[in-house]
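Coordinate analysis (summary)
As a plain string of letters, each chain reads:
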Amino acid sequence: MAETHVLFVEDDDVIREATQLALERQGFVVTAMPDGLLGLEAFRASRPDIALLDVMVPGLDGVSLCRRIRDESTVPVIMLSARADSIDVVLGLEAGADDYVTKPFDGAVLVARIRAVLRRFGHAGGGDGGGPGEGPGGQGPVLTFGDLVIDTEGMEVRKDGVPVGLTPTEMRLLLEFSSAPGTVLSRDRLLERVWDYGGWGGDTRVVDVHVQRLRTKIGQDRIETVRGFGYKLKG
């Protein structure tokens, strides 16, 4: 199996070096950069499998770097933030990040989150879908919801006949909704099924921001908010 290449952008020398060593002990290949501009250059030169970006780095901050990466690639991005309640967390997710980890972080938790993200990116269909050629819940491979068409085999989405570009996380979220149209899915269930958060909990802001990102791509009224319970896909 090919080694996983991690791009790590962090300006604190101690954190950068310690984290790089910890990840390398777990078998990752790590390119570590001290600022966002160097991080962008490294990303374009090496095309890593995943990027870990600290929010507050010089040159090009982590949120802007995430946005630049997302303009060019669907590679998974995890933001690192010093405060769980920081607006930077939401800004990072809105910029296209797939998850975030709060500093200071436990090395084992960071590795678990990296592997969880890589698992869902390696299997964008995910979930408990049917066998080959079948959509979620054993349905056909092509699902239609009004002007929205989801090819669960080809992992393609079209709206009014126009291709919709989704990140793997957004695709998994849409597949989870399409497996149970009209059914309210709680944020906790989505965290477990889409983000693989079972066993350690998670921040529901991750779900909320991704739902909003998905709405902007497939239609604001396609996913309905059910206050106090969660979200559902309109059939």
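These figures come from a predicted structure and were not determined experimentally.

**Considering the pairing of strand S7 (residues 148–151)**
Going residue by residue along S7, you find Leu148 and Ile150 tucked away on one face and Val149 and Asp151 left uncovered on the opposite face. Note that strand S6 (residues 142–145) and S7 share four bridges and pair antiparallel. Note on S7: the bridge partner recorded for Thr144 is Val149. Here S6 folds back onto S7, and the loop between the two strands holds two residues, one of which, Gly146, carries a positive phi near 65°. Relative to strand S8 (residues 156–159), S7 is paired through four bridges, and the arrangement is antiparallel. The residue of S8 that forms the bridge with Leu148 is Lys159. Counted between consecutive antiparallel strands, the loop separating S7 from S8 contains four residues, among which Met155 sits at a positive phi close to 55°.

**Things to note about the packing of helix H4 (residues 87–94) against helix H8 (residues 204–218)**
Direction vectors running N to C along H4 and H8 enclose 35°, while the axes themselves pass 9 Å from each other. Crossing angle aside, the handedness with which H4 passes H8 is right-handed. Across from Val89, Val90, Leu93 and Glu94 in H4, the residues of H8 making contact are Arg205, Val206, Val209, His210 and Arg213. When its residues are assigned to classes, the contact of H4 with H8 shows five nonpolar, one polar and three charged.

**Some words on the confidence of the model for the protein**
When the pLDDT values of the protein are averaged, the result is 87; 89% of them are 70 or greater. Note on residues 123–134: pLDDT is under 50 here. Beyond four places in sequence and across chains, it has 26 contacts.

**Considering the side chain of Arg16**
Examined against the element boundaries, Arg16 turns out to sit in helix H1 (residues 13–25). Overall, Arg16 belongs to the buried group, its relative accessible area being 11%. In terms of polar contacts, Arg16 uses its side chain to reach the side chain of Asp13, at 2.8 Å.

Rules behind the numbers
Residues numbered from 1 in each chain as written. Predicted model: local features only at pLDDT ≥ 70, side-chain atom pairs only at ≥ 80, totals over all residues. Heavy atoms only, no water. Buried < 20%, exposed > 50% of the residue type's maximum accessible area, 1.4 Å probe, protein only. Helix = DSSP H or I, 4+ residues; strand = E, 2+ residues; numbered from the N terminus. Pairing = 2+ DSSP bridges. Axes fitted to C-alpha atoms, helices over the stretch in contact; angles between N-to-C directions. Left-handed = near helix turned anticlockwise from the far one by under 90°. Contact = heavy atoms within 4.5 Å. Nonpolar A, V, L, I, M, F, W, Y, C, P; charged D, E, K, R; others polar. pLDDT = per-residue confidence, 0-100. Polar contact = N/O pair within 3.5 Å; in protein donor to acceptor, adjacent residues only side chain to side chain.

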